[in-house]
Amino acid sequence: MQTKHAVMAGLALLAASAGTYAGPSGGTVSGKVTYEGTPAKMKPIDMSGEPSCAKMYATPQLAEAVVTGADNSLENVVVYVSAGAPVDAAPSNAVTFTQKGCRYIPHLLAFQVNQELKITNEDQASHNIHPLAKLNREWNKSQPPGAPPIRESYEQAEFIPVKCNVHPWMHGTFAVMPNSHYAVTGAGGSFSLANLPPGKYTITAWHESYGEQSQEVTISGSETHALNFVFKAKPN
């Protein structure tokens, strides 16, 4: 009986020890990206040169170099850990960059170094995908209607402008991230970077028209830090 009690006591002690020394899931940095001033008005896109795409829209689509939301929120901003993040492997799943209606969906695609990129064409028109990489290998590939996906990956972190040589209004960005700690702002301009181990980090916000800003933050446990970025809008 004493042996049984001793074993039970030992198991209880181990369980208590595991609970005591289990590390936190990590800290979180969250906030919002906004702008001040008056952004330039995005111009309507003239797709008359490609009737199969033009007929898909009741009204002309607008360029997406600057997309704003309520309360001066700013969309398509990449917020990421630019220094201090632990090294992690690229996910096994691919990210998809779709050409539909002679637009890039999404306009800005963020993914990790060495992660597979899959490019599809859902249009009746041919496209020519030309990412203008500087640190990585530059390539330029045609993709006719019904063609299989183009599959690529990048070895270095870089923001890469993408264009279509056939349709000059088609512009997008590949945000090739150095680690998994990144987010892209949506309609409300908010972001959240979770599961950051204790340490000092540089958090950077990047926008294709307004440049980038960085702030430093120190994570000590499982707390949440509020961090906001405000970009100065350019009227033209």
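As the structure is a prediction and not an experimental result, all values here were calculated from the model.

K.L.:
A description of the sheet that holds strand S6 (residues 117-121) should follow, citing residues and the corresponding values.
P.N.:
Ordered by their spatial adjacency, four strands build an open sheet running S4-S3-S6-S9, and the pairing between neighbours is mixed. A strand with exactly one partner marks an edge of an open sheet, and here the two such strands are strand S4 (103-105) and strand S9 (150-152). Across the sheet, the mean angle separating the axes of adjacent strands is 20° when strand polarity is ignored.

K.L.:
Residue-level account of the environment of Ile105, with values.
P.N.:
Assignment of secondary structure puts Ile105 in strand S4. When the C-alpha atoms of Ile105 and Thr120 are compared, they prove to be 10.0 Å apart, with 15 residues separating the residues in sequence. For Ile105, the contacting residues outside a window of four places in its chain are Thr96, Phe97, Thr98 and Lys100.

K.L.:
Explain unusual backbone geometry to me, using residue names and the numbers behind them.
P.N.:
Between Ile105 and Pro106 the backbone carries a cis peptide bond, its omega angle lying at -5°. If you trace the backbone, Pro106 turns up in the loop between S4 and strand S5 (108-112). The residue Cys102 is not glycine, and still its phi comes out positive at about 55°. By the secondary structure assignment, Cys102 is in the loop between strand S3 (95-100) and S4. When its relative accessible area of 0% is taken as the criterion, Cys102 is described as buried.

K.L.:
Before we move on, can you summarise the pairing of S6 with the specific residues and values?
P.N.:
Most of S6 sits inside the fold, with four of its five residues counted as buried. Relative to S9, S6 is paired through three bridges, and the arrangement is antiparallel. Bridge pairing links Lys118 to Arg151 in S9.

Calculation rules
- Residues numbered from 1 in each chain as written.
- Predicted model: local features only at pLDDT ≥ 70, side-chain atom pairs only at ≥ 80, totals over all residues.
- Heavy atoms only, no water.
- Pairing = 2+ DSSP bridges.
- Helix = DSSP H or I, 4+ residues; strand = E, 2+ residues; numbered from the N terminus.
- Axes fitted to C-alpha atoms, helices over the stretch in contact; angles between N-to-C directions.
- Contact = heavy atoms within 4.5 Å.
- Buried < 20%, exposed > 50% of the residue type's maximum accessible area, 1.4 Å probe, protein only.

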